[in-house]
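Descriptive analysis of the structure
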Amino acid sequence: MASVRPVSRSGWTERKAPELEDFEAMASEVLAGLPDDLLLRCGHLQISLADYAPDDVLDALAIDDPHDLLGLFEGEGLSEGEETRISGQMPNRIWLFRRPILDYWAAMDESLGDVVAHVLIHEIGHHFGLSDQDMERIEAAADR
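Please read these numbers as outputs of a predicted model, since none were measured by experiment.

Looking only at helices and strands, the protein chain has six helices and three strands in total. By residue count, 31% of the 144 residues in the protein chain fall in the buried class. Considering only contacts within the protein chain whose residues lie at least 6 apart along the sequence, 68% involve residues at least 24 apart. With an accessible surface of roughly 9,800 Å², the protein chain has 52% of that area assigned to carbon and sulfur atoms.

Glancing now at the pattern of salt bridges. Overall, the coordinates contain two salt bridges when judged by the stated rule. Asp-51 serves as the salt-bridge partner of Arg-98, at 2.6 Å between the closest nitrogen and oxygen. One end of the pair, Arg-98, is in helix α4 (residues 98-107); the other, Asp-51, is in the loop between β1 (46-50) and α3 (55-60), with 47 residues separating them in the sequence. When its relative accessible area of 31% is taken as the criterion, Asp-51 is described as partly exposed. Salt-bridge contacts for Arg-137 lead to Asp-134; the nearest nitrogen and oxygen are separated by 2.5 Å.

Note that Asn-92 resides in the loop between β2 (71-74) and β3 (93-97). With a relative accessible area of 0%, Asn-92 lands in the buried category. Sequence-wise, Asn-92 and Leu-78 are 14 residues apart; in three dimensions their C-alpha atoms are separated by 9.7 Å. Of note is the side chain of Asn-92, whose polar atom sits 2.6 Å from the backbone oxygen of Glu-76.

Thresholds applied
- Residues numbered from 1 in each chain as written.
- Predicted model: local features only at pLDDT ≥ 70, side-chain atom pairs only at ≥ 80, totals over all residues.
- Heavy atoms only, no water.
- Helix = DSSP H or I, 4+ residues; strand = E, 2+ residues; numbered from the N terminus.
- Buried < 20%, exposed > 50% of the residue type's maximum accessible area, 1.4 Å probe, protein only.
- Contact = heavy atoms within 4.5 Å.
- Areas by Shrake-Rupley, 256 points an atom, 1.4 Å probe, with all protein chains shown as cover.
- Salt bridge = Lys/Arg side-chain N within 4 Å of Asp/Glu carboxyl O.
- Polar contact = N/O pair within 3.5 Å; in protein donor to acceptor, adjacent residues only side chain to side chain.

Written as structure tokens, this is what we have:
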């Protein structure tokens with residue numbers, strides 16, 4: 001429908017989806033905001049970013065839709081002996097997947113920064129040996 005009013009431009013008119021570098025900056029801000037004692041225990045943890053999880057990872061997790069995986073922890077959590085690493089062992093890694101995070105954000109009533117923070121902190125929870133069920137209980141208790 002045509003309008004007789006002049007076109008006004010919103011702040012979103014020229015914006016594009018954030019690139020991987022933007023996600024890296026958001027993840028860095030989240031990490032920098034963690035308490036020092038927690039951050040020290042994340043010392044050898046690598047944060048990596050990709051648009052989607054690789055097909056072999058999705059297959060191993062029996063995930064059909066690549067949009068269903070927002071993040072992933074790879075490695076041995078602290079409760080599984082990560083603190084006693086052996087030479088040549090790969091460091092623990094957290095993956096953030098940009099496109100699924102963007103789709104989730106578009107469907108929810110949260111800021112993108114909050115979604116990135118939630119996914120990153122969830123995966124850090126796995127680094128500390130927490131299961132998905134453990135984290136759900138912690139989140140539910142925090143919401144009360």
